[in-house]
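# A look at the structure
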Amino acid sequence: AQSVTQLGSHVSVSEGALVLLRCNYSSSVPPYLFWYVQYPNQGLQLLLKYTTGATLVKGINGFEAEFKKSETSFHLTKPSAHMSDAAEYFCAVSGTSYDKVIFGPGTSLSVIP
Amino acid sequence: DGGITQSPKYLFRKEGQNVTLSCEQNLNHDAMYWYRQDPGQGLRLIYYSQIVNDFQKGDIAEGYSVSREKKESFPLTVTSAQKNPTAFYLCASSITPGHYEQYFGPGTRLTVT
């Protein structure tokens, strides 16, 4: 069965510092991978996705993620954190039958001034 | 503007009452989803629909019911059989099921007392 693990339920970084949010997945089929962001009391918004092709994926707001098949990872990074990046981040992987996606438990990012 | 609307934003009900949450999309998407979000548990899939007049149970369907009579509408009924209905409910849609990104509504926060 597909599953997603996000290391660290809460991550704090200083403004201007590197943001690194970890995501590992298990999948019995070639995965499609997603990162979503959620601001308080709002729905989720797609940051970026990996389907096929280039393993380094660029998304909105300066975020990017690299698909590493050998490590079954899809970590999210941003070179310099901004106060507006404070939010909940979810990694997701497509289901076995590609009829749904499986979400990770989420990582709450705090940005310290 | 295309998007997904959920109403109301906040909903309060007495225990033992059924309540229906609205979800409408004008994106012409085939697939629609309902998720439940509780603190620290990420998103859990309640029901999903790949096409009009068809839907499947997700991971936590007990105590919930849905209908998909129109492509643009996917209402969720929280029945009195749901043991712990207080939660944040999110509706989403995608062009087709599975490996395409999902677009989320703003959510409905349901409180049952």
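This report concerns the structure included in the present document.

So, how was this worked out
Residues numbered from 1 in each chain as written. Chains lettered and ligands numbered in written order. Predicted model: local features only at pLDDT ≥ 70, side-chain atom pairs only at ≥ 80, totals over all residues. Heavy atoms only, no water. Helix = DSSP H or I, 4+ residues; strand = E, 2+ residues; numbered from the N terminus. Rg over C-alpha atoms; globule rule 2.2 N^0.38 Å. Buried < 20%, exposed > 50% of the residue type's maximum accessible area, 1.4 Å probe, protein only. Contact = heavy atoms within 4.5 Å. Areas by Shrake-Rupley, 256 points an atom, 1.4 Å probe, with all protein chains shown as cover. Pairing = 2+ DSSP bridges. Axes fitted to C-alpha atoms, helices over the stretch in contact; angles between N-to-C directions. Salt bridge = Lys/Arg side-chain N within 4 Å of Asp/Glu carboxyl O. Core = buried A, V, L, I, M, F, W, Y, C linked by side-chain atoms within 4.5 Å.

Attention now moves to the overall build of chain A. Per the secondary structure count, chain A includes 0 helices and 12 strands. Scanning chain A from its N terminus toward the C terminus, one meets helices and strands in the order β-β-β-β-β-β-β-β-β-β-β-β. Its C-alpha atoms give chain A a radius of gyration of 13 Å, within 12% of the compact-globule value 13 Å for 113 residues. Expressed along its principal axes, the backbone C-alpha trace of chain A runs to roughly 45 × 30 × 20 Å. Here chain A, with 113 residues, has 44% of them falling under the buried criterion. Summarising the internal contacts of chain A: among those between residues at least 6 apart in sequence, 57% fall at separations of at least 24. As displayed, chain A has an accessible area near 5100 Å², and 54% of this comes from carbon and sulfur atoms.

All names here are of chain B. Spatially, E1-E3-E8-E7 is the arrangement adopted by the 4 strands of the open sheet, whose pairing is antiparallel. The open sheet has two free edges, formed respectively by strand E1 (4-7) and strand E7 (64-66), since each of these has just one partner strand. Adjacent strand axes in the sheet meet at a mean angle of 20 degrees when their direction is disregarded.

Here the focus is the pattern of salt bridges. Side-chain pairs of opposite charge can arise where the charged atoms are in close proximity. As enumerated under the stated definition, the model contains 6 salt bridges over all chains in all. Of the charged contacts in the structure, one is a salt bridge between Asp 85 of chain A and Lys 78 of chain A, with a shortest N-O distance of 2.9 Å. Among the residues examined, Asp 85 of chain A registers a relative accessible area of 3% and is labelled buried. Here Lys 71 of chain B makes a salt bridge to Asp 30 of chain B, at a shortest N to O gap of 3.4 Å. Here Asp 30 of chain B lies in the loop between strand E3 (19-25) and strand E4 (31-37) and Lys 71 of chain B lies in the loop between E7 and strand E8 (76-78), a separation of 41 residues in the sequence. A relative accessible area of 26% places Lys 71 of chain B in the partly exposed class. Residue classification places Asp 30 of chain B among the partly exposed positions, given a relative accessible area of 29%. One network of salt bridges, in which partners are shared, links Arg 36, Asp 38 and Arg 44 of chain B.

A few words now on the nonpolar core. All names here are of chain A. Judged by nonpolar contacts, the single largest core of 26 residues is most densely connected at Trp 35, Leu 48, Phe 74, Leu 76 and Tyr 89. Of all the secondary-structure elements, those providing two or more residues to this core are strand E2 (10-14), strand E3 (19-21), strand E5 (33-38), strand E6 (44-50), strand E8 (64-68), strand E9 (73-78), strand E10 (87-94) and strand E12 (107-112). It is E10 that provides the largest number of residues to this core, a total of 4 residues. Residues contacting Phe 74, with those up to four places away along its chain left out, are Cys 23, Leu 33, Phe 34, Trp 35, Leu 48, Lys 49, Tyr 50, Ala 65, Glu 66, Phe 67 and Cys 91.

This next bit is on unusual backbone geometry. Following Ser 7 of chain B, the chain continues to Pro 8 of chain B via a peptide bond in cis, the omega torsion being -10 degrees. Tracing the sequence through the fold places Pro 8 of chain B in the loop between E1 and strand E2 (10-13). Of note, the phi angle at Thr 72 of chain A is positive, near 45 degrees, even though the residue is not glycine. Within the secondary structure, Thr 72 of chain A sits in the loop between E8 and E9.

Nothing here speaks to function; it is all geometry.
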